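Observations on chain architecture
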There are 6 protein chains.
Amino acid sequence: MRISIVNPNSTRSMTETIALAARQAAARGTEILAYQNDAGPVSIEGHVDGALAVPGLLHALAIAERDGAEAHVIACFDDTGLEAARSVLAGPVIGIGEAAARMATLVARRFSVVTTLSVSVPILEDNLQRAGLSDLCASVRASDLPVLALEADPEAAERTISAEIARAVAEDGAEAIVLGCAGMAGFAQALSQEHGVPVVEGVSSAVKLMEAAVALGLKTAKRGGYAAPRLKDRGFVYPEGMVAEPELPA
Amino acid sequence: MRISIVNPNSTRSMTETIALAARQAAARGTEILAYQNDAGPVSIEGHVDGALAVPGLLHALAIAERDGAEAHVIACFDDTGLEAARSVLAGPVIGIGEAAARMATLVARRFSVVTTLSVSVPILEDNLQRAGLSDLCASVRASDLPVLALEADPEAAERTISAEIARAVAEDGAEAIVLGCAGMAGFAQALSQEHGVPVVEGVSSAVKLMEAAVALGLKTAKRGGYAAPRLKDRGFVYPEGMVAEPELPA
Amino acid sequence: MRISIVNPNSTRSMTETIALAARQAAARGTEILAYQNDAGPVSIEGHVDGALAVPGLLHALAIAERDGAEAHVIACFDDTGLEAARSVLAGPVIGIGEAAARMATLVARRFSVVTTLSVSVPILEDNLQRAGLSDLCASVRASDLPVLALEADPEAAERTISAEIARAVAEDGAEAIVLGCAGMAGFAQALSQEHGVPVVEGVSSAVKLMEAAVALGLKTAKRGGYAAPRLKDRGFVYPEGMVAEPELPA
Amino acid sequence: MRISIVNPNSTRSMTETIALAARQAAARGTEILAYQNDAGPVSIEGHVDGALAVPGLLHALAIAERDGAEAHVIACFDDTGLEAARSVLAGPVIGIGEAAARMATLVARRFSVVTTLSVSVPILEDNLQRAGLSDLCASVRASDLPVLALEADPEAAERTISAEIARAVAEDGAEAIVLGCAGMAGFAQALSQEHGVPVVEGVSSAVKLMEAAVALGLKTAKRGGYAAPRLKDRGFVYPEGMVAEPELPA
Amino acid sequence: MRISIVNPNSTRSMTETIALAARQAAARGTEILAYQNDAGPVSIEGHVDGALAVPGLLHALAIAERDGAEAHVIACFDDTGLEAARSVLAGPVIGIGEAAARMATLVARRFSVVTTLSVSVPILEDNLQRAGLSDLCASVRASDLPVLALEADPEAAERTISAEIARAVAEDGAEAIVLGCAGMAGFAQALSQEHGVPVVEGVSSAVKLMEAAVALGLKTAKRGGYAAPRLKDRGFVYPEGMVAEPELPA
Amino acid sequence: MRISIVNPNSTRSMTETIALAARQAAARGTEILAYQNDAGPVSIEGHVDGALAVPGLLHALAIAERDGAEAHVIACFDDTGLEAARSVLAGPVIGIGEAAARMATLVARRFSVVTTLSVSVPILEDNLQRAGLSDLCASVRASDLPVLALEADPEAAERTISAEIARAVAEDGAEAIVLGCAGMAGFAQALSQEHGVPVVEGVSSAVKLMEAAVALGLKTAKRGGYAAPRLKDRGFVYPEGMVAEPELPA
């Protein structure tokens, strides 16, 4: 099967990291199609970055579907544009934030999220609420690391995240940890061993959940909120200048 | 004081109706600046329309602020882009959905929303939840009227809405009604008399709440989720081709 | 328009402060009618003070309506007798507690209340719950200042409140502050500048919300919980000895 | 032990019915002291009646405590003045509404309340919410019987209530029924047999719960919301004209 | 009347302590039948102990009913097997956890539970949630005392519990304390005096509530979740080897 | 990888159906080990059946782990014994009820469950609540089909279920359907086509989620509620007579 993963931001190194993590998680027989939203911001930190990334993201997802992807992963922990994507695509879609949290609930009663900046905390809290996951979430903690700092100095970033995990376990009663940024994917295994709790990462979680959904033949429900947009009297098209043709990293 | 009102869709007749309703509601001394998002869809029905309208809407709001508006109204009942707008602007911002619901809570314990299409129901329910208003909302009812049908045949539209109000009062225990679309503004008074319940309309509610906020000297909190976006290492600008310069209806 | 404001307690200096704050907040064209409940306790601290204040308060409000007031403000942060007042009056009514909290939600996702005594905390929490505002409230903090201490030594009181605000911002994630007592009205502006967060005060918020409600032609819904009391078989009148004729401060 | 029961309204026939029901429920060794609030309305229907009844009710409860009552029952299903009473008395206090609902939870997962007028429904819903019981309550149904109609034509009243119980069981999934008015006490047994579900009545439930509390040596917590009122700088007394000396029915 | 109390674990000294506490709490005229689940674990700490105790517990309860008990108490704070017991017995059943929490709500707005091991905390939180009591519960605190340590060194145990109570009152706003283990029954009175808050114990609370339920003629509702099990096509009996005949301590 | 699936009841034909459904859902490379709880009831309908099934179920799961299963599925829609199983096993465990509901949330905002008997409805509602899924569940509907009727007359059963699905979609706003019994597994595809909504079945959902969890290296968190049981001073073993050695269907 083919599963697409779209980085809603325009930072190539992150797209490559994400594509690699997705391919490592994929089952034999799953082909990962990776896309980058060249019209997006360099990282998604807060409501404005997220809102501006969505049109290009939807464009990339439409191309992914044309390219044969049967399910789709939005590779930002904010689950940027998730509900619009579910409305516009036939196959199932998940964001890495919802994916990681759902996997965490399979192995722990209560998890904490460790994310980057505090500006993202209310966004993640809203997403968890909407997904019915807030009662199972002990805390959403910001490490005050900008997204791109994860790449600039990974070792320092990992130490900062580790300290925040320690606080989540000791003070908030977290039984498992969800890493709250696509850029943290590489740290999961070491942090799990260090702290003795499950540490769940979103890219791999999303790939496995989409593989499961495709295997079960599930498609997004089209009654209710995810109904496809109606055709309007006057045409509306994706503005041409807005989205670059997304690229597939090899 | 100057208050801006932005129609996130591109239908001029709706922009004019909205501007008129806002000016009728405004206090002496309040100047209403009205804008239209020419880059938006002809109407906003569901997640996709909403997501595609946001970049142009934010652009129009930025121009409104440059033009001296001290507070801002987003004239779509879905409160399209509200949180991004709060992050990017200095003055307070409200959507007409949140505004109408908040005014209803001043005069009734429990209100119902009567909106257009069922595709909008989950969006409105999410907005009410996030605004802490869902416990006070008896129901969100769809009348199955497309937004633009409100203009095409207002009398038929008003009859359909009236029937839905009757059901909300009789079956859901609604003590007041919130009209769930900017295009319904003209029906409020007649429907209130017909049904003997307060009928609250969003455009006028939003104008009065923004006048109140400006008079009290309130500005959007910038700690937490509405913090202004950080400047990124690599530049990101509003894509030039995406938004037309919004026009002010006279 | 005429808006009444009733101090449910019998302390004249507080009534005067409240009347002054209301008049400063009122728009040109709004006449503030101020009343004092001479039959009430000297301050309202806890359930018993509140319960004993209500009959006199309702009497004062009835006089205010007879005097032509189109909307009404209950000038105690506990929103003393609010629901009975809504049942007995034609025009809309608000308490300063609900008013301040509703204004805070227009500019912040999450606010804290800083009030006087801890005996009031559960009352305020219940009020916020009933008004659908508890999910947006980060904390209700008691400063352990009796109501009348606010007048006796305002400078010391302001320092105490300021320290509590600092804790609400640092520990509870408050993005805005609601001042939880009518007697704190004078401190709002300075505290907002000191802490860099919106600080919302109830008297002015209530006046602006009632001006908005009157301008929109809204009256309290009379279906459901705010239905007017039925006439009983045997008469029941306000006991004569109970309420003094309330006075209007000039 | 001595337990007081206070009818917050001034209708003697109801006081006598209530006193009788309490004495029938009391264990050997429990003396029931019954009081009537002569300063109250003839029945309590809605917020205004309730608010006006409280000062006289508190006065009657203070006399009951002076007379040696170790625990107290407020004999109105609205739990009129319950929180103020808990603040002012040493012994435990319960209202018959909370009492009946708490007993119902011992024998059923989900109960419905059948009460008199619809004006009381929001009051009961608020009380259940505050007592943590709303998740266990399937519905609060109004039978549209005024309180005093229960006495005027008991047979017709019972038929009306029975029809409402049938609907609660069939449509709302009620597994048990709580009778929502002190005046319905006599109907419980017959209705339980007729419908095959537990039917819980408040007066007897309250007496048994207060017997249990006294036997366990429990007194109302005085930390937090039920703290006794502070002595004020200027005196405040129960207004003399307001409350008649309550009488004890023999 | 006869009330049974069943210790779901197999530790005779605990059964005797529990039986004694129940008899001390019982009214004159109440006969306590005490049983021990010899097939159960020596103490119930966590999900596994609880699950393995249930078949023997149900067997003991069936014998209690055969012996004429009209109501039943499950003497483990986890309310082990409560819902199955309610389905299988005619008379009302309560666990000591639910009983203590319900009594606490009669005298305090907000209580904390102090229990033994942290493995029990989620079980108690789930029970409180299901019983509609979680909003009234300030915290569930583990003292890290194993159940049997309460007997081995009662003085040390009481000191540990006392320290935890102090934290619940100071940090969590507890107005009353619920002792979260049958083995703590003896400490209630002294701890209440030491901390000046009501301290509620489960065995005595459960006995009084079951006396109340029997006096009121209440039986468990058999519509809905507590419906008696259907007779199956193929027989299923309590496995013979599983439960010992429970003994009655004198 | 090896995944175990345990039928907690003793009906061989159901075990075989379940094993077949699991093997059809399994990926190449996944070996399904199927077990039957010969000590369990012939079907699990309500609290008592569930409680009596758990010891044998835990025994079967322990054998499954000894046999090399890395993850485990409990094949009853009530998720019988799930929390005890998570405490006692190293690998992740899921029940088919939680599994189906979690998969449904990936493709629909709101799902309904269609189950067998009404006695199971409160159990399923509690499970959904504990799993944080109740806000996403539009309704739990009972079809009044006993579990074994699904096998006795599958065609009639499917018609009954189909009628219930139609009501869930029309009246409750369900966007997807969860089949609430292991015995309904075979109907999913036809019912999905008939009603045009996703129909999710538990056995296959559980197998895919456990494959995903194993692939991600996740194990159940052992901090908090799922901590392994402590070794007790006095030994407690699975009673020998209680559980038969479970058999593996070929």
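Definitions and limits used
- Sequence order as written defines the numbering, with residues in each chain counted from 1.
- A letter from A marks each chain and a number from 1 marks each ligand, given out in the order of writing.
- Since the coordinates come from a predicted model, pLDDT governs what is reported: local features require at least 70, and pairs of side-chain atoms require 80 or more to be given and counted, while whole-chain, interface and lining totals use all residues.
- Processing note: side-chain calculations cover all non-hydrogen atoms of the structure and skip hydrogens and water entirely.
- UniProt positions are given in the numbering used here, feature names are shortened, and annotations may be inferred rather than shown by experiment.
- In this description a helix means any DSSP run of H or I spanning at least four residues, a strand means any run of E spanning at least two, and both kinds are numbered starting from the N terminus.
- Put simply, the radius of gyration uses C-alpha atoms, and a globule should come to 2.2 Å times the residue count raised to 0.38.
- Think of it in three bands: with a 1.4 Å probe and only protein chains considered, a residue is buried below 20% of the maximum accessible area for its type, exposed above 50%, and partly exposed in between.
- The contact criterion used is simple: two residues touch if any of their non-hydrogen atoms lie within 4.5 Å.
- Method for areas: the Shrake-Rupley scheme with a 1.4 Å probe, in which residue coverage is limited to the protein chains shown.
- We count Lys and Arg on the positive side and Asp and Glu on the negative side, and we leave His and both chain ends out.
- By convention, the charge on Lys lies at NZ, on Arg at CZ, on Asp at CG and on Glu at CD.
- Summed over both partners, the accessible surface that disappears when two parts come together, traced with a 1.4 Å probe, is what is meant by buried area.
- By convention in these notes, a salt bridge is any Lys or Arg side-chain nitrogen within 4 Å of a carboxyl oxygen on Asp or Glu.
- A pair of strands is labelled paired if DSSP reports no fewer than 2 bridges between them.
- If the strands point away from the viewer and the path from the first strand over the helix to the second runs clockwise, then the crossover is right-handed.
- A least-squares fit on C-alpha atoms brings the copies together, and the residues used are those whose pLDDT is at least 70 in both copies.
- Think of each axis as a best-fit line through the C-alpha atoms, taken over the contacting stretch in the case of a helix, with angles from 0 to 180 degrees between the N-to-C directions.
- Working rule for angles: under 35 degrees goes down as roughly parallel, over 145 as roughly antiparallel, 65 to 115 as roughly perpendicular, anything else as oblique.
- Here a crossing is called left-handed whenever its near helix is offset anticlockwise from the far helix by less than a right angle, and right-handed whenever the offset is clockwise.
- Helix span is expected to be 1.5 Å times the residue number reduced by one.
- Bend at a residue means the angle formed by two fitted axes: the first through the 7 residues ending at that position, the second through the 7 residues beginning there.
- The start and end points of each domain follow an automatic or database-based domain assignment.

Within an unreviewed UniProt entry, the label attached to chain A reads Aspartate/glutamate racemase family protein, and the organism entered is Jiella sonneratiae. Per its UniProt entry, chain A bears the Sequence similarities (unreviewed entry) comment "Belongs to the HyuE racemase family."

Brief notes about the overall build of chain A
Looking only at helices and strands, one finds nine helices and eight strands in chain A. Taking 250 residues into account, the globule formula puts the C-alpha radius of gyration at 18 Å, and chain A, at 17 Å, falls close to it. Dimensions of chain A along its principal axes, counting C-alpha atoms only, are 55 × 35 × 35 Å. Per-residue burial for chain A yields a buried fraction of 67% across its 250 residues. Here the analysis covers contacts within chain A between residues at least 6 apart in sequence; of these, 74% occur between residues at least 24 apart. Taken as a whole, chain A presents about 8,100 Å² of accessible surface, with 49% of it coming from carbon and sulfur. Of the charged side chains in chain A, 20 are positive and 31 negative, and the gap between their average positions amounts to 9 Å.

Digging into the interface of chain B and chain C
Chain B puts 44 residues into the contact, and the matching count from chain C is 44 residues. Both faces combined, the contact of chain B with chain C buries some 3,300 Å², and carbon together with sulfur accounts for 67% of it. When the buried area of chain B at its contact with chain C is split by residue, B:Leu106, B:Val107 and B:Arg223 rank highest and sum to 20% of it. Seen at the junction of chain B and chain C, the total is two salt bridges.

Concerning the pairing of strand β3 (residues 71–74) of chain D
Residues and elements named next belong to chain D. Burial along β3 is two-sided: Ala71 and Val73 and His72 and Ile74, pointing in opposite directions, are all buried. Bridge count between strand β1 (residues 2–7) and β3: four bridges; the pairing is parallel. Note that in β3 the partner of Ser4 across the bridge is His72. Note: β3 against strand β4 (residues 93–95), three bridges, orientation parallel. Following the sheet pairing, Val73 is matched in β4 by Ile94. Each parallel crossover has a hand, and the one from β3 via helix α3 (residues 82–88) to β4 is right-handed.

Some thoughts on the relation of the copies chain B and chain C
With an RMSD of 0.0 Å, the operation that places chain B on chain C is a rotation of 180° combined with a shift of 0.0 Å along the axis. Both copies are brought into coincidence by an operation consistent with a two-fold rotation axis. For chain B, the residue whose C-alpha comes nearest the rotation axis is B:Gly132, separated from it by 2.8 Å. Most of the interface of chain B is mirrored in chain C, where 100% of its interface residues again form contacts.

Digging into the sheet that holds strand β1 (residues 2–7) of chain C
In a beta sheet, neighbouring strands pair by backbone hydrogen bonds and run either parallel or antiparallel. Residue and element names in this part refer to chain C. In space, the four strands of this open sheet follow the order β2-β1-β3-β4, with parallel pairing throughout. The open sheet has two free edges, formed respectively by β2 (31–36) and β4 (93–95), since each of these has just one partner strand. Averaged over all pairs of adjacent strands, the angle between strand axes in this sheet comes to 20°, irrespective of strand direction. Both β1 and β2 contribute to a ladder of six bridges, which runs parallel. Note on β2: the bridge partner recorded for Asn7 is Gln36. Contacts from helix α4 (residues 96–107) reach β3 (71–74) and β4 within the one sheet, and its direction differs from that of β4 by about 80°. The strands that helix α9 (residues 202–215) touches are β1, β2, β3 and β4; relative to β3, the one it contacts most, it runs at about 160°.

Comments concerning the packing of helix α1 (residues 12–25) of chain A against helix α9 (residues 202–215) of chain A
Residue and element names in this part refer to chain A. Packing of α1 against α9 brings their axes to within 8 Å, and their N-to-C directions diverge by 45°. Put simply, α1 runs oblique to α9. By crossing handedness, the relation of α1 to α9 is classed as right-handed. Together, Ile18, Ala21, Ala22 and Ala25 of α1 and Val203, Ser204, Val207 and Lys208 of α9 make up the contact between the two elements.

A look at the relation of the copies chain D and chain E
In screw terms, the move from chain D to chain E is a rotation of 180° and a rise of 0.0 Å along the axis, fitting with an RMSD of 0.0 Å. Mapped onto chain E, 100% of the interface residues of chain D again fall at the interface, so both copies present the same surface.

Details of the arrangement of the chains
Between chain B and chain E there is no contact, and the shortest C-alpha to C-alpha separation is 16 Å. The two partners chain C and chain F share no contact, and the minimum distance between any of their C-alpha atoms is 16 Å.

Here we look at the interface of chain D and chain E
Opposite the 44 residues of chain D that make contact, chain E presents 44 residues. Across the interface of chain D and chain E, roughly 3,300 Å² is buried in total on both sides, 67% from carbon and sulfur atoms. Counting across the chain D and chain E interface gives two salt bridges. When the shortest N-O distance is used, the salt bridge between D:Glu83 and E:Arg109 registers 3.1 Å. Going through the elements one at a time, α3, β4, α4 (96–105), α5 (121–130), β8 (199–200) and α9 (202–215) of chain D are the ones with two or more residues in the side of chain D that touches chain E.

Section: helix α2 (residues 47–66) of chain A
Residues and elements named next belong to chain A. Helix length check: α2, at 20 residues, gives a terminal C-alpha distance of 29 Å against a target of 28 Å (1.5 Å per residue), a fit within 8%. At Val54, α2 is deflected by roughly 40°, the largest bend along its length, and proline Pro55 occurs up to four residues later in sequence. Counting buried residues in α2 gives 17 out of 20 residues, a clear majority hidden from the surface. One or two residues past the end of α2 sits Gly68, with phi positive at roughly 100°.

Description of the domain arrangement of chain A
One frequent convention defines the size of an interface as the accessible area lost when the parts assemble. Residues and elements named next belong to chain A. We note that the domain assignment places domain 1 (2–97 + 204–215) and domain 2 (98–201) within chain A. Using only C-alpha atoms to locate each centre, domain 1 and domain 2 end up separated by 20 Å. Taken together, the contact between domain 1 and domain 2 spans 27 residues of the former and 27 residues of the latter. Counting the surface lost from both domain 1 and domain 2, the interface buries some 2,000 Å², and carbon and sulfur atoms represent 61% of this.

Details of the environment of E:Ile123
Considering the arrangement of structural elements, one finds E:Ile123 in helix α5 (residues 121–130). Separated by 76 residues in sequence, E:Ile123 and E:His47 have C-alpha atoms that sit 7.5 Å apart.

Points about the sheet that holds strand β7 (residues 176–180) of chain B
Residue and element names in this part refer to chain B. Taken together, four strands build an open sheet; the order of strands is β6-β5-β7-β8 and the sheet is parallel. Here the strands that pair on one side only, and so sit at the sheet edges, are β6 (137–142) and β8 (199–200). Both β7 and β8 contribute to a ladder of two bridges, which runs parallel. Along β8, the bridge assignment pairs Val178 with Val200. Helix α5 (residues 121–130) rests against β5 (111–115) and β6 of the sheet, and its axis sits at about 155° to β6.

A closer look at the pattern of salt bridges
On inspection of all chains with the given rule, the structure shows 84 salt bridges over all chains. Where A:Arg66 meets A:Asp67, a salt bridge forms, and the shortest distance between an N and an O atom there is 3.5 Å. Accessibility expressed as a relative area gives 59% for A:Arg66, which makes it exposed. The class of A:Asp67 is partly exposed, set by a relative accessible area of 23%. One salt bridge connects E:Glu98 with E:Arg86, and the closest N-O pair in it is separated by 3.4 Å. Of this pair, E:Glu98 sits in helix α4 (residues 96–107) while E:Arg86 sits in helix α3 (residues 82–88), and the two are twelve residues apart along the sequence. Each of the salt bridges in this network shares a partner with another, and the network as a whole consists of A:Arg141, A:Glu164, A:Arg167, A:Glu171 and A:Asp172.

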